[in-house]
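# Overview (structure and organization)
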Amino acid sequence: MSKYLRYIIRNTEPLRIANNASSQSGQTDTLRYIPGSTIRGYVISEFLKKGIFEANKDSLLRSGIRFLNAYPYRNKRELIPSLKGFYEDKTDVQGKKSIQNVVVTPDLNKGWKRASLGRYCYLEDDCIYYYQVETGSDLKIKINLGEDEKQSVFRNEYLTEGQTFTGYIAVDNEDMLKDVKEAFTGQVILGNARSAGLGKCQVLECEVTDRTPYEEYLPGEDVKDAVYMVLLSAGTMRNEDGEYCGLDLKALEEMLGVTDLKVVQCSTSVASIRGYNRTWGTPVPSVTMYDAGSIFKLSFTG
């Protein structure tokens with residue numbers, strides 16, 4: 001059974017993690033969260049410094065350790081990507097505002113529009129509290145020009161300093177847990193342009209826990225017949241032929257230990273996810289995935 005390392009960090013400098021999906025020539029956008037791949041890269045660099053990378057290489061690069069995305073932490077609450085499918089009456093309402101989700105209530109009130117719930121939220125009782133992360137940007141002039149290259153201006157976006165994030169690392173090999181935990185002491189440096197006054201983060205907390213991430217949103221007892229599934233990051237699955245297929249219900253049946261699995265209702269959006277293969281030294285083809293916050297109502301027997 002996996003042990004989880006839970007950490008809370010605050011960026012003491014602007015933090016920029018390039019968003020390849022939206023960046024353009026002359027403009028680099030930043031992601032609004034800290035990807036698990038960024039955390040993995042940091043841990044690998046620390047293992048290389050200590051000379052223990054080769055001994056742990058297989059676990060770090062395969063499934064022996066899994067790095068979850070780090071999302072904002074506000075008011076002592078761990079935020080999750082805002083859920084899809086909520087609608088509201090756009091007229092002003094004093095106090096608590098009523099909203100409905102199309103996955104729960106397919107027949108929405110006429111005239112209701114998609115609710116604006118920011119990028120991240122937390123749920124408490126019958127309310128949703130939602131937030132945005134704060135960003136800034138700077139303009140720079142390229143001065144190290146190549147032959148026949150013209151001087152140009154480019155813009156860099158970043159997460160402003162003083163924001164707090166929490167994340168989890170799932171570790172199967174307990175022998176490696178101590179070394180991973182030691183990497184999260186004092187200060188960590190993340191993101192792009194780390195030598196240019198960007199990326200320093202202070203570790204506020206780091207602890208080993210048996211607690212399942214975001215377990216406050218899990219059902220309190222076994223569920224029968226139907227369940228809601230929410231994606232906490234962009235995701236897709238491959239079918240038995242190796243093709244991307246969105247959800248592979250046959251594989252999900254096996255994972256959940258149920259039969260006759262069906263999607264009753266869903267509310268989703270999609271994102272084009274890109275990557276980079278350092279072995280080949282080239283970008284990898286983009287993949288269309290369900291975006292974080294996509295929600296599915298699943299029926300099943302079991």
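Scroll up to find the structure this text is about.
The notes below deal with the structure included here. Not measured: the values here are computed from a predicted model. Residues take numbers from 1 onward in each chain, read along the sequence in its written order. Owing to the predicted nature of the model, reporting of local features is limited to residues with pLDDT of at least 70; listing and counting of side-chain atom pairs is limited to 80 or more, with chain, interface and lining totals taken over all residues. Excluded from the side-chain calculation are hydrogens and water; included are all heavy atoms of the structure.

## Quick word on the overall build of the chain
Secondary structure elements are taken from DSSP: a helix is a run of H or I of four residues or more, a strand is a run of E of two residues or more, and numbering for both begins at the N terminus. Along the chain, the regular secondary structure elements total 4 helices and 23 strands. Along the longest, intermediate and shortest principal axes, the C-alpha atoms of the chain span 60 × 50 × 40 Å. The cut-offs for exposure are 20% and 50% of the maximum accessible area for each residue type, with area from a 1.4 Å probe on protein chains only; residues under the lower value are buried, those over the upper are exposed, and the others partly exposed. In the chain, which comprises 302 residues, the share counted as buried stands at 39%. In the chain, the share of contacts with a sequence separation of at least 24, taken over all contacts with a separation of at least 6, comes to 68%. All accessibility values rest on the Shrake-Rupley procedure with a 1.4 Å probe; residue burial counts only the protein chains present in the view. Approximately 17,800 Å² of the chain is accessible, and the part contributed by carbon and sulfur atoms is 46%. The average position of the 38 basic charges and that of the 41 acidic charges among the side chains of the chain differ by 5 Å. Only heavy atoms matter for contacts: two residues are in contact if any of them lie within 4.5 Å across the pair. Asp and Glu are treated as the negative residues and Lys and Arg as the positive ones, with His and the ends of the chain left uncounted. Charged groups are reduced to one reference atom each: NZ for lysine, CZ for arginine, CG for aspartic acid, CD for glutamic acid.

## What to know about the packing of aromatic side chains
Here the aromatic set is Phe, Tyr and Trp, taking the six-membered ring for Trp, and pairing holds for ring centres within 6.5 Å; pairs whose planes are under 30 degrees apart are stacked, those over 60 apart are edge-to-face, and all others are tilted. Counted according to the given criterion, the structure contains 9 aromatic pairs. Among the aromatic residues, those joined into a cluster by ring pairs are Y4, Y168 and Y214.

## Observations concerning the sheet that holds strand β23 (residues 295-301)
Only strands joined by at least two bridges in the DSSP assignment are considered to pair. Within the open sheet, the 3 strands sit side by side as β17-β23-β20. Their pairing is antiparallel. With one partner strand each, in any of the chains shown, β17 (226-230) and β20 (259-267) form the two edges of the open sheet. Taken pair by pair, the neighbouring strands of this sheet meet at an average axis angle of 25°, ignoring direction. Pairing of β20 with β23 involves 6 bridges; the strand directions are antiparallel. Under this scheme, a helix contributes an axis fitted over its contacting stretch, all axes are lines through C-alpha atoms, and angles between N-to-C directions fall in the 0 to 180 degree range.

## Observations concerning the nonpolar core
In terms of nonpolar packing, the biggest core is built from 45 residues, with I34, L60, I169, F184 and L190 touching the most fellow members. Listing elements by their share of this core, those giving two or more residues are β1 (3-11), α1 (36-50), α2 (53-61), β3 (65-67), β10 (120-124), β14 (164-171), α3 (174-182) and β16 (200-209). The leading source of residues in this core is α1, at 5 residues. With near-sequence residues (within four places) excluded, L60 lies in contact with R40, V43, I44, F47, F53, I65, F67 and M176. The criterion is simple. A nonpolar core is a set of buried Ala, Val, Leu, Ile, Met, Phe, Trp, Tyr and Cys residues joined through side-chain atoms within 4.5 Å. Of all hydrophobic cores here, the second largest spans 9 residues; its members include M237, L261, L298 and F300.

## Quick notes on the packing of α1 against α2
Put simply, α1 and α2 touch, their axes get as near as 10 Å, and they point 165° apart. Here α1 is positioned roughly antiparallel relative to α2, judged by the angle of their axes. Relative to α2, α1 is oriented so that their crossing is right-handed. Seen from α1, the contacting residues are R40, V43, I44, F47 and L48; seen from α2, they are F53, N56, L60 and L61. An angle below 35 degrees is read as roughly parallel, one above 145 as roughly antiparallel, one from 65 to 115 as roughly perpendicular, and any other as oblique. In this scheme the handedness of a crossing depends on how the near helix is turned from the far one: anticlockwise by less than a right angle means left-handed, clockwise means right-handed.

## Observations regarding unusual backbone geometry
If you check the backbone angles, N75 has positive phi at about 50° while not being a glycine. Mapping N75 onto the fold places it in the loop between β4 (71-74) and β5 (77-78). By relative accessible area, N75 is classed as exposed at 56%.

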